[in-house]
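Single-letter residue listing:
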Amino acid sequence: EDLDRILKIVNQATERGLSITNQIMEYSKIGQSAFRKSDLVDIGNIIFNIQKESNDLIQKENISFEIQLENSFHLKGDELHFYSVFKNIIQNSIDALIDKTNSKELKRTIQISGKSDLDLTYVFHISDNGIGIANENLNRIYDPFFSTKPETGTGLGLGVVNKIVNLYNGKIKVESEPKKGTTFIISFPTHT
């Protein structure tokens, strides 16, 4: 029994190590090589697919997931890049809501909205009412390997997000208040 338990721990540690190594390799490659900017990517479809992928956890944790997209959003680029941006931020929102409390009576919400700005920009807001980000951490959230989730985080997710947003000449901003929640505001020029 002890041997089985030890082997299970070793196996989990090995898998986590491989996962971290893969994330480091992917992080280092972003922007290093040419990528297809000719593909038209449906951002709304990506967001809805991430919601479907996360649906079991969202339901289990009693999280309200609201999507309000003003119209359809299509950007030229690599679908995996846009998927990584939204997946990382949505996953962080889910983690922040799970960390907030074990009580399932508290209304936990993720809201995603998207609109077109007059200056030919798509603007997306991803908000949660989770634990928020401490003021002293706000300037470090995009730093590689910085994480406030030592058990589950590698500290690469938001670094990846920031690199990809910059790669597409976009902008990212965060507004957060501890114990009240966080909003990420991402904008992309419509002609990347």
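## Let's talk about the overall build of the protein
Assigned secondary structure in the protein consists of 5 helices and 7 strands. Ordering the α and β elements of the protein from the N terminus gives α-β-α-α-β-β-α-β-β-α-β-β. Relative to its 192 residues, the protein shows a buried fraction of 39%. Summarising the internal contacts of the protein: among those between residues at least 6 apart in sequence, 71% fall at separations of at least 24. In the structure as shown, the protein presents an accessible area of about 11,400 Å², 50% of it carried by carbon and sulfur atoms.

## Let's talk about the sheet that holds strand β2 (residues 63–69)
The 5 strands are arranged β2-β4-β5-β7-β6 in an open sheet whose pairing can be described as mixed. Every other strand in the sheet has two partners, leaving β2 and β6 (171–177) as the edge strands with one partner each. Strand-to-strand, the axes of this sheet are offset by a mean angle of 10°, without reference to chain direction. The sheet contact formed by β2 and strand β4 (residues 108–117) spans 7 bridges and is parallel. In the sheet register, Ile 67 faces β4, and the bridge partner there is Ile 112. Of the strands in this sheet, β2, β4 and β5 (121–128) are in contact with helix α2 (residues 43–53), which crosses β2 at around 170°. With respect to the sheet, helix α5 (residues 157–167) is in contact with β6 and β7 (181–189), its orientation differing from that of β6 by roughly 145°.

## Looking at α2
By the burial criterion, the buried members of α2 are Ile 43, Gly 44, Ile 46, Ile 47, Ile 50 and Gln 51. Down the axis, α2 shows its buried residues gathered within 160° of arc, on one side only. The N-cap of α2, judged by a side-chain oxygen 3.1 Å from the amide nitrogen of Gly 44 a few residues on, is Asp 42.

## Brief notes about α5
Three or more residues of α5 are buried, namely Gly 157, Leu 158, Gly 159, Val 160, Val 161, Ile 164 and Val 165. Asn 169 occupies a position one or two residues after α5 and carries a positive phi of about 60°.

## Focus: the pattern of salt bridges
Summed over the entire model, instances satisfying the criterion amount to 4 salt bridges. The partner of Glu 175 in a salt bridge is Lys 173, and the shortest N-O contact between them spans 3.4 Å. You can call Lys 173 partly exposed: its relative accessible area is 47%.

## Focus: the environment of Asp 42
Tracing the sequence through the fold places Asp 42 in strand β1 (residues 40–42). Judged by its relative accessible area of 31%, Asp 42 is partly exposed. In this structure, the C-alpha to C-alpha distance between Asp 42 and Leu 75, residues 33 residues apart in sequence, is 6.8 Å. The contacts of Asp 42, once residues within four sequence positions are left out, are Phe 73 and His 74. Polar contacts involving the side chain of Asp 42 include one to the main-chain amide nitrogen of Gly 44, which spans 3.1 Å.

## Side note on the nonpolar core
Core analysis: the biggest nonpolar cluster contains 37 residues, and Ile 43 and Phe 86 have the highest contact counts within it. Elements represented by at least two residues in this core include exactly α2, β2, α4 (79–100), β4, β5, α5, β6 and β7. When residues of this core are assigned to their parent elements, the largest contribution, 7 residues, is made by α4. Beyond its immediate stretch of four places on either side in the chain, Ile 43 contacts Phe 73, Leu 75, Phe 82, Phe 86 and Phe 124.

## Quick notes on the side chain of Thr 182
For Thr 182, the location among the structural elements is in strand β7. Within the structure, the side chain of Thr 182 is placed 2.8 Å from the side chain of Ser 176, a separation counted as a polar contact. Discounting residues that sit within four places of it in the chain, Thr 182 has contacts with Ile 126, Ser 127, Asp 128, Gly 132, Ile 133, Val 174, Glu 175 and Ser 176.

About the criteria used
Residues numbered from 1 in each chain as written. Predicted model: local features only at pLDDT ≥ 70, side-chain atom pairs only at ≥ 80, totals over all residues. Heavy atoms only, no water. Helix = DSSP H or I, 4+ residues; strand = E, 2+ residues; numbered from the N terminus. Buried < 20%, exposed > 50% of the residue type's maximum accessible area, 1.4 Å probe, protein only. Contact = heavy atoms within 4.5 Å. Areas by Shrake-Rupley, 256 points an atom, 1.4 Å probe, with all protein chains shown as cover. Pairing = 2+ DSSP bridges. Axes fitted to C-alpha atoms, helices over the stretch in contact; angles between N-to-C directions. Arc of directions from axis to C-beta. Polar contact = N/O pair within 3.5 Å; in protein donor to acceptor, adjacent residues only side chain to side chain. Salt bridge = Lys/Arg side-chain N within 4 Å of Asp/Glu carboxyl O. Core = buried A, V, L, I, M, F, W, Y, C linked by side-chain atoms within 4.5 Å.

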